[in-house]
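Fold and contact review
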Amino acid sequence: MTIVLNEPGIDELTGAVDALRVWQDDRTPLQLHPGDLGWAWALGAERLAADVRTWSVDGRIVAVGYLDGPDVLRLTTAPDLRQDGDLARRLLADLNDPARGVLPPGQVGLEIPDGALLREVLLEAGWNLDEPWTPLRRDLAEPVKDSGLRIEVAGPETAGVRTAVHRSAFGSSKFTEEVWHVLAAGPVYADARCLIGYDDQDNAVAAATVWSAGPGRPGLLEPVGVHADHRGRGYGTAISVAAAATLREMGASSAIVSTPSSNAAAVATYTAAGYEPSSERLDVSRPA
């Protein structure tokens, strides 16, 4: 088969998102999700388009990669081609050759789902196993109990509250009210909700954004944070429960999230919120 590498334009981004949406499956607990591109849309469609790569066969997208940083690619493939040798070898060639415009020279990292032949092909070619991640999943077949927080879905009037919690939680000044409006105007946000959690004194103590991939498919938590002034009181667990409830209302089959295995506090928080950890998944890296 003839495999075509493409750097999509802005008008082609929705095609990549649609492909990712169809590929989501509860049997693959950690892979690139449409919500990952939706969250990245906050930096603008032009910036996102420059960071996305697709591989197609006869017009059908069979792999999508997103540069989550200059030297980290998050990549997934159509489930029916995860064991396809032609695709794995073509991806290896494109990932190893900086001239093809996928990854820069030197040391780079790659996220790929478990069960992909590409992992074996990369290791045989000299790539190494790298950082372990813990995927966590909460089944949404049954109703979700109340989180204990008053939950508000952020809108234009409360975007400043939502972004203030995020900036405090992550110690970053980048997620401003203006950036939130760019995020919310993106087409992927139609299947998303930004949640704000308030305590009994009406303090905004936690926030999360949830992304649906459509009814019957896993929904993603990205990101989740607790205001720095209100940590250690169980609000991370509570907002994660509220996120699961919201995704269930949106028709998701499960709520998924992942965190570096080294972040034991995050793993414990999600576990307390009813998310069950799966086996660790290792990134791979190409040595310098």
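Residues numbered from 1 in each chain as written. Predicted model: local features only at pLDDT ≥ 70, side-chain atom pairs only at ≥ 80, totals over all residues. Heavy atoms only, no water.

1. A word on the overall build of the protein chain
- Helices and strands together make up the secondary structure of the protein chain, namely nine helices and 13 strands.
- The C-alpha atoms of the protein chain give 19 Å as radius of gyration, which agrees with the globular expectation for 288 residues (19 Å, within 12%).
- Contacts spanning at least 24 positions in sequence make up 71% of the contacts within the protein chain whose residues lie at least 6 apart.
- Of the roughly 12,400 Å² of accessible surface on the protein chain, 49% is carried by carbon and sulfur atoms. (Helix = DSSP H or I, 4+ residues; strand = E, 2+ residues; numbered from the N terminus. Rg over C-alpha atoms; globule rule 2.2 N^0.38 Å. Contact = heavy atoms within 4.5 Å. Areas by Shrake-Rupley, 256 points an atom, 1.4 Å probe, with all protein chains shown as cover.)

2. Remarks on the UniProt feature "domain: N-acetyltransferase" (unreviewed entry) in the protein chain
- UniProt's entry tags residues 149-288 with the feature "domain: N-acetyltransferase" (unreviewed entry), counted in the numbering of this structure.
- Within residues 149-288, the helical portion is 32% and the strand portion 31%, while the C-alpha atoms at the span's ends are 47 Å from each other. (UniProt positions renumbered as here; feature names shortened; annotations may be inferred.)

3. Concerning the environment of Ser253
- Along the chain, the position of Ser253 falls in the loop between α8 (235-249) and β11 (254-260).
- For the pair Ser253 and Ala213, spaced 40 residues apart in sequence, the C-alpha to C-alpha distance is 9.7 Å.
- Within the structure, Ser253 has its side chain in polar contact with the backbone oxygen of Gly216 (distance 3.5 Å). (Polar contact = N/O pair within 3.5 Å; in protein donor to acceptor, adjacent residues only side chain to side chain.)

4. Describing empty space enclosed by the protein
- This model, assessed by the stated rule, comprises one cavity of 30 Å³ or more.
- Size it by volume and the largest cavity reaches roughly 50 Å³.
- For the lining of the largest cavity, the elements supplying multiple residues, two or more each, are α4 (85-96) and α5 (117-124).
- With three residues, the single largest contributor to the lining of the largest cavity is α4. (1 Å grid on protein atoms, 1.4 Å probe; cavity = no way out; pocket = protein on both sides within 12 Å on 5 of 7 lines; lining within 4 Å. Points joined across faces, edges and corners; volume = space filled by probe spheres on them.)

5. What about the pattern of salt bridges?
- In this structure the tally under the stated criterion is 19 salt bridges.
- Across the pair Asp94 and Arg100 runs a salt bridge whose closest N-O atoms are separated by 2.6 Å.
- The exposure class of Arg100 is partly exposed, given its relative accessible area of 38%.
- Taking the shortest distance from any N to any O, the salt bridge between Arg100 and Asp97 comes out at 3.5 Å.
- Its relative accessible area of 28% is what places Asp97 among the partly exposed residues. (Salt bridge = Lys/Arg side-chain N within 4 Å of Asp/Glu carboxyl O. Buried < 20%, exposed > 50% of the residue type's maximum accessible area, 1.4 Å probe, protein only.)

6. Examining helix α6 (residues 159-170)
- For α6, spanning 12 residues, the distance from its first C-alpha to its last is 17 Å, which sits close to the expected 16 Å at 1.5 Å a residue.
- Within α6, burial applies to Ala159, Arg162, Thr163, Val165, His166, Ser168 and Ala169.
- Summarising the contacts, the buried residues of α6 are in contact with α2 (34-40), α7 (177-185), β8 (192-198), β9 (204-211) and β10 (218-226).
- Positive backbone phi, approximately 60°, marks Gly171, located one or two places after α6. (Expected span 1.5 Å × (residues − 1).)

7. Notes on the pairing of β11
- Most of β11 is tucked away, with five of its seven residues classed as buried.
- Alignment of strand β6 (residues 128-139) against β11, held across seven bridges, turns out to be antiparallel. The partner of Arg137 across the bridge, within β11, is Ile256.
- Sheet topology places β10 next to β11; three bridges connect them, and they run parallel. Counterpart to Pro218 in the pairing with β11 is Ser254. (Pairing = 2+ DSSP bridges.)

8. A look at the nonpolar core
- Counting 38 residues, the largest nonpolar core has Leu48, Val52, Val64, Leu183 and Trp211 as the members making the most contacts within it.
- Elements supplying a minimum of two residues to this core: α1 (13-23), α2, α3 (45-50), β3 (60-67), α6, α7, β8 and β9.
- Per-element tally for this core: the top contributor is α1, with six residues.
- In terms of domain composition, this core takes at least three residues from each of domain 1 (3-131) and domain 2 (139-279).
- Counting residues in each nonpolar core, the second largest holds 28 residues, with Val205, Val241, Ala244 and Tyr275 among its members. (Core = buried A, V, L, I, M, F, W, Y, C linked by side-chain atoms within 4.5 Å. Domains from an automatic or database assignment.)

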